Amino acid sequence: MSKKNNYYKIGHITNPLHKKIGKVLIKGKSCKIIIPARVNTFLCHHNFFVNPPRPQIFPVNSINFAINKFIEVVVVVRDDQKNIIDAVQKHQAIIEHTIKIVQKTLNIKQGFNVMVKNLHGISHGGLGSSGSIMSGVAQGINILMGKPLSVGEITKLIAQNYGEESNKKGFLSPSASIGGSTAITLAGKSLVVVGSEADIWCVNQLPKEYYAVLLYPKKIKGISKAQDIELNKRELYWLKNIDKDWGDIKENILKTRIIPAINKKRYSVLFNAINMYTIGAYGDIPQYFKSRWISQGLTFDSLIFGIFSRIFKSLKISENCFFVSSNGPMIVVITKYPKKVLNLMKDFSKDFTLEKVALSRTNNYLLTK
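Bear in mind that the values here come from a model prediction, so they are computed numbers and not experimental data. (Residues numbered from 1 in each chain as written. Predicted model: local features only at pLDDT ≥ 70, side-chain atom pairs only at ≥ 80, totals over all residues. Heavy atoms only, no water.)

Glancing now at helix 3 (residues 129–144). In a regular helix each residue adds 1.5 Å, so 16 residues correspond to 22 Å; helix 3 covers 23 Å between its end C-alpha atoms and thus fits that length. Most of helix 3 sits inside the fold, with 16 of its 16 residues counted as buried. (Helix = DSSP H or I, 4+ residues; strand = E, 2+ residues; numbered from the N terminus. Expected span 1.5 Å × (residues − 1). Buried < 20%, exposed > 50% of the residue type's maximum accessible area, 1.4 Å probe, protein only.)

Structure (structure tokens):
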């Protein structure tokens, strides 16, 4: 990464995997993957987004849910060393970067045709689409090469060498990734906790009765990278200070209370903790989102408390949770009672698109030999 120009060269590996890869052999001609989007919450160390301990290392931690919003990736082995990409222009740089860092990691010169379609159409809106695209491309190549890399290894490779589209040809804009998009994309389960340096701490399957209810602002049709950068600039103060007294406490709650409870399928602990996080019990999360989105006419502090009072006047805090995903503006309710939540949220339908979505329970791929 160049600090002077704030760009990241496509194909450059800042943090290589500490693993010796033997000779890999082609196991198929093409691989088609349908991968889910993720929504996430309970970030523990926001300050690391501003001051990471090492370049491209962001030990922030997160709780991630997979939802039925999909990206389609097709990877085809070529007979030469060329890489041909079929995707919208704004995604081509991150796809090229992913192909090259996987080629370097596996020590292969094989070329690929890669086709990517974002089937949900939301960009920089809280679904982790860039990370999901990169993860799908990496896993497609990995499958074709016989799966020499584990899900955990791909998670680290993508998260710690991550970037997003820029206005400079051949370069990416450096961006933070904490690993949740990749882990939840590839784990094949509906619930994944990522911690430390993009390590997978917990993988679990919520009961099939659970759904996500999504609220997305109607006035925001899509967010460009330039808009996202400008929004990020507004939030620097809050990122530095929001976890000043709470980062270690939240991480300890995650390790000693939430994960053990998830493993015992006692989801009330998970839901209680997420709800308290959302309304500001462990640092002023509502003010953080207000600061980020006020320029877009979204007063997230009043919105968060309005949704809280509306949902939990008739539903139990221990059986449902809600949060703003990633940097927003997507708001998510995880619940066994989606029809009731939609009814409770109907007053918000003037300004928000409301949607019931199933939690995704697998990622599917088809390998053609």
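Pairing is antiparallel in the open sheet, where four strands are placed in the order 11-12-10-13. Edge positions in the sheet fall to strand 11 (321–324) and strand 13 (352–358), since each has one partner strand and no second. For this sheet, the mean angle separating the axes of adjacent strands, direction not counted, is 20°. (Pairing = 2+ DSSP bridges. Axes fitted to C-alpha atoms, helices over the stretch in contact; angles between N-to-C directions.)

To continue, consider unusual backbone geometry. Backbone geometry follows two general trends: most residues other than glycine have a negative phi, and most peptide bonds adopt the trans configuration. A cis geometry characterises the amide bond from Gly328 onward to Pro329, with omega recorded as 5°. Here Pro329 shows up in the loop between strand 11 and strand 12 (331–335). In this structure, Phe42 takes a positive phi of about 55° despite not being glycine. Taking relative accessible area as the criterion, Phe42 reaches 0% and is therefore assigned buried. Not every positive phi belongs to a glycine, and Ser196 is a case in point at roughly 50°.

On to the pairing of strand 11, then. In strand 11, alternate side chains face the same way, and those of Cys321 and Phe323 on one face and Phe322 and Val324 on the other are all buried. Between strand 11 and strand 12, which pair antiparallel one after the other, the connecting turn spans six residues, and Ser326 there sits at a positive phi close to 55°.

A separate point is empty space enclosed by the protein. Under the definition given, this model contains one cavity of 30 Å³ or more. Volume-wise, the largest cavity comes out at about 60 Å³. Considering the residues around the largest cavity, the lining is formed by Asn40, Thr41, Leu43, His46, Tyr277, Thr278, Ile285, Tyr288, Phe289, Phe323, Val324 and Ser326. Those elements that provide at least two residues to the lining of the largest cavity are strand 2 (30–41), helix 9 (267–278), helix 10 (285–293) and strand 11. The element contributing the most residues to the lining of the largest cavity is helix 10, with three residues. Of the residues assigned to the lining of the largest cavity, the class counts are seven nonpolar, five polar and no charged. (1 Å grid on protein atoms, 1.4 Å probe; cavity = no way out; pocket = protein on both sides within 12 Å on 5 of 7 lines; lining within 4 Å. Points joined across faces, edges and corners; volume = space filled by probe spheres on them. Nonpolar A, V, L, I, M, F, W, Y, C, P; charged D, E, K, R; others polar.)

Once that is clear, we can look at the pattern of salt bridges. Scanning the entire structure with this criterion turns up 10 salt bridges. Linking Glu72 and Lys32 is a salt bridge whose minimum nitrogen-to-oxygen distance equals 3.9 Å. Residue Glu72 is found in strand 3 (residues 62–77), and its partner Lys32 is found in strand 2; the two are separated by 40 residues along the sequence. On the accessibility criterion, Glu72 (14% relative accessible area) is buried. Lys32 gets classed as partly exposed once you look at its relative accessible area, which sits at 36%. Note that Asp199 and Lys156 form a salt bridge whose closest N and O atoms lie 3.0 Å from each other. (Salt bridge = Lys/Arg side-chain N within 4 Å of Asp/Glu carboxyl O.)

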